[in-house]
Amino acid sequence: MAEVEITREISGSKGRYVIRRGGEEAELTYSITSPVLVIADHTTVPDSFRGAGAGLALVTRLVEDARAEGFRIMPLCPFVNAQRKKHPDWADAFSV
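Residues numbered from 1 in each chain as written. Predicted model: local features only at pLDDT ≥ 70, side-chain atom pairs only at ≥ 80, totals over all residues. Heavy atoms only, no water.

### Some words on the sheet that holds strand β4 (residues 37–44)
The sheet built from 5 strands is open, its strands ordered β1-β2-β3-β4-β5 with mixed pairing. The strands lining the two open edges of the sheet, one partner per strand, are β1 (6–11) and β5 (72–75). On average, each strand axis in the sheet is inclined to that of its neighbour by 30 degrees, with strand direction left out of account. Pairing of strand β3 (residues 24–34) with β4, which is carried by 7 bridges, proceeds in the antiparallel orientation. Note that in β4 the partner of I32 across the bridge is V38. (Pairing = 2+ DSSP bridges. Helix = DSSP H or I, 4+ residues; strand = E, 2+ residues; numbered from the N terminus. Axes fitted to C-alpha atoms, helices over the stretch in contact; angles between N-to-C directions.)

As structure tokens, then:
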């Protein structure tokens with residue numbers, strides 16, 4: 001996806017990454033279980049975003065933040081888990 005702005009929102013033990021476009025949102029939600037473990041819960045991408053790489057962009061940002069901030073990702077979301085399997089170079093960011 002060409003240059004997209006991904007917003008990170010955190011509220012208590014919940015967080016999400018969001019891409020907004022045309023009044024719609026693609027999001028990846030997560031739960032913070034501890035300072036070193038985040039559970040990727042769910043990824044939602046509207047039909048209008050499909051094929052644009054929005055889902056991959058959200059997971060990539062989660063992986064980048066995990067590496068930068070020192071937490072690991074538990075991929076309960078099937079999409080996040082599928083992307084993990086496609087990107088073996090991300091293994092260091094996941095707890096599976």
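### Some details on the nonpolar core
Counting 24 residues, the largest nonpolar core has I19, L28 and I73 as the members making the most contacts within it. Taken together, the elements giving at least two residues each to this core come down to β2 (14–21), β3, β4 and α1 (54–69). The element best represented in this core is α1, accounting for 7 residues. In this view, I73 contacts L37, V38, A40, L62, V63, A66, A93, F94 and S95; residues no more than four positions away in its chain are not counted. (Core = buried A, V, L, I, M, F, W, Y, C linked by side-chain atoms within 4.5 Å. Buried < 20%, exposed > 50% of the residue type's maximum accessible area, 1.4 Å probe, protein only. Contact = heavy atoms within 4.5 Å.)

### Brief notes about the pairing of β1
In the case of a regular strand, side chains alternate between the two sheet surfaces. Looking at chain direction, β1 and β2 are connected through 6 bridges and run antiparallel. Along β2, the bridge assignment pairs E9 with R16. In textbook terms, the turn of a hairpin is the stretch between consecutive antiparallel strands, and for β1 and β2 this stretch comprises 2 residues, one of which, G12, has a positive phi near 65 degrees.

### Observations regarding the packing of aromatic side chains
A complete count under the given rule lists 1 aromatic pair for this structure. An angle of 35 degrees between the planes, with centres 5.4 Å apart, marks the rings of Y17 and Y30 as tilted. Here Y17 is found in strand β2, whereas its partner Y30 is found in strand β3, with 13 residues between them in sequence. What makes Y30 buried here is its relative accessible area of 2%. (Phe/Tyr/Trp six-rings, centres within 6.5 Å; stacked < 30°, edge-to-face > 60°.)

### Some details on the pattern of salt bridges
Considering all chains together, one arrives at 10 salt bridges under this definition. In this structure, the salt-bridge partner of R20 is E25, at a minimum N-O distance of 3.1 Å. Assessed through its relative accessible area of 33%, E25 is described here as partly exposed. For R50, the salt bridge identified is with D47, shortest N-O distance 3.1 Å. Residue classification places R50 among the exposed positions, given a relative accessible area of 55%. The exposed category is assigned to D47, whose relative accessible area is 62%. Within the structure, one salt-bridge network assembled from shared partners comprises E9, R16, R20, E25 and E27. (Salt bridge = Lys/Arg side-chain N within 4 Å of Asp/Glu carboxyl O.)

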